[in-house]
Amino acid sequence: MSAVSASVPTVEEHKKAFTEIAFLLDIFAATIDNIMGGSTSSVGRIAGREMAKKLPVDLVHPTPTEALSVIAQSMKSGYEFSFTEENDQAMVTFQRCVIRDVCKSRSLQPGCSLCKIFHSYFDGIVNELISRPTKSELLEAGSSCRVCMKIQ
């Protein structure tokens, strides 16, 4: 029998891990974009729908507001966003976004292919939770990002 000791990672270890993950996300996004010829939205949506299936929630006839609230709670360690729902669309503002941090560390412009894949992924999660197609349009990218999510 071997004893495994759990150690708390140091700040330096966190920084190294973030740098490695940022590198991998950058490379994966660029590769997917090159292979798909700019049509990366389907890859993100499929990944988002698969992620939503793994969420420990059971929503009965959910509204977009309910779905976005669940997502906000489940993603709170890396994202902070607010939203308003009106008619068949939701306006989502990302105040804090770990993808934005990754972009900054890799000198990528806000709204790059990594951002686009993330927003398609986000659409896929919402789509799966509410059983309605969703499509986001990035309206503003920078220190905060604003998205108009159209819901069919």
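Computed from a predicted model, the values in this text were never measured in an experiment.

A.B. asks: For this particular structure, what's the right way to read the layout of surface pockets?
C.D. replies: Sizing a probe to match a water molecule and rolling it over the atoms shows the empty space that remains. Of the volumes computed, that of the largest pocket is approximately 280 Å³. Taken together, 14 residues make up the lining of the largest pocket; nearest its centre are S41, K116, H119, S120 and S136. The element contributing the most residues to the lining of the largest pocket is helix α5 (residues 113-130), with five residues. Its residues assigned to classes, the lining of the largest pocket comprises one nonpolar, seven polar and six charged. A volume near 240 Å³ is recorded for the second largest pocket. What lines the second largest pocket is a set of 13 residues, among which L25, I99, L114, I117 and F118 lie closest to the centre. Elements supplying a minimum of two residues to the lining of the second largest pocket: α1 (11-36), α2 (41-54) and α5.

A.B. asks: How should I be thinking about the side chain of S136 in this particular structure?
C.D. replies: Considering the arrangement of structural elements, one finds S136 in strand β3 (residues 134-140). Side chain to side chain, S136 and D123 meet in a polar contact 2.4 Å long.

A.B. asks: Hey, could you run me through empty space enclosed by the protein in this one?
C.D. replies: Going through the model one piece at a time under the given rule, you end up with one cavity of 30 Å³ or more. Empty space within the largest cavity amounts to approximately 60 Å³. Taken together, F94, C97, I99, R100, C115, F118, H119 and C145 make up the lining of the largest cavity. Along the lines of polarity and charge, the residues of the lining of the largest cavity split into six nonpolar, one polar and one charged.

A.B. asks: I tried to follow the pairing of β3 on my own but got confused; where do I start?
C.D. replies: A regular strand places its side chains on the two faces of the sheet in alternate fashion. The pairing of β3 with strand β4 (residues 145-151) spans six bridges and is antiparallel. Looking at the pairing, K135 lines up with K150 of β4. Counting the residues in the hairpin turn of β3 and β4 gives four residues.

A.B. asks: Is there a simple way to explain unusual backbone geometry in this structure?
C.D. replies: Apart from glycine, the bulk of residues carry a negative phi angle, and the bulk of peptide bonds sit in the trans form. Although it is not a glycine, N87 sits at a positive phi angle of roughly 55°. Topologically, N87 is positioned in the loop between β1 (79-86) and β2 (89-97). The exposure class of N87 is exposed, given its relative accessible area of 69%. The phi dihedral of S107 is positive, around 60°, even though this residue is not glycine.

A.B. asks: How should I be thinking about the pattern of salt bridges in this particular structure?
C.D. replies: Side chains that differ in charge, positive against negative, can pair when their charged atoms come close. Evaluated as defined, the whole model comprises five salt bridges. Across the salt bridge formed by R106 and D26, the nearest N and O atoms sit 3.0 Å from each other. Placement of the pair is R106 in the loop between α4 (98-105) and α5 and D26 in helix α1, with a sequence separation of 80 residues. The closest approach of N and O atoms between E50 and K53, which form a salt bridge, is 3.2 Å. Remark: K53 and E50 occur in helix α2; sequence separation between them is three residues, near one turn of the helix.

Cut-offs and rules
Residues numbered from 1 in each chain as written. Predicted model: local features only at pLDDT ≥ 70, side-chain atom pairs only at ≥ 80, totals over all residues. Heavy atoms only, no water. 1 Å grid on protein atoms, 1.4 Å probe; cavity = no way out; pocket = protein on both sides within 12 Å on 5 of 7 lines; lining within 4 Å. Points joined across faces, edges and corners; volume = space filled by probe spheres on them. Helix = DSSP H or I, 4+ residues; strand = E, 2+ residues; numbered from the N terminus. Nonpolar A, V, L, I, M, F, W, Y, C, P; charged D, E, K, R; others polar. Polar contact = N/O pair within 3.5 Å; in protein donor to acceptor, adjacent residues only side chain to side chain. Pairing = 2+ DSSP bridges. Buried < 20%, exposed > 50% of the residue type's maximum accessible area, 1.4 Å probe, protein only. Salt bridge = Lys/Arg side-chain N within 4 Å of Asp/Glu carboxyl O.

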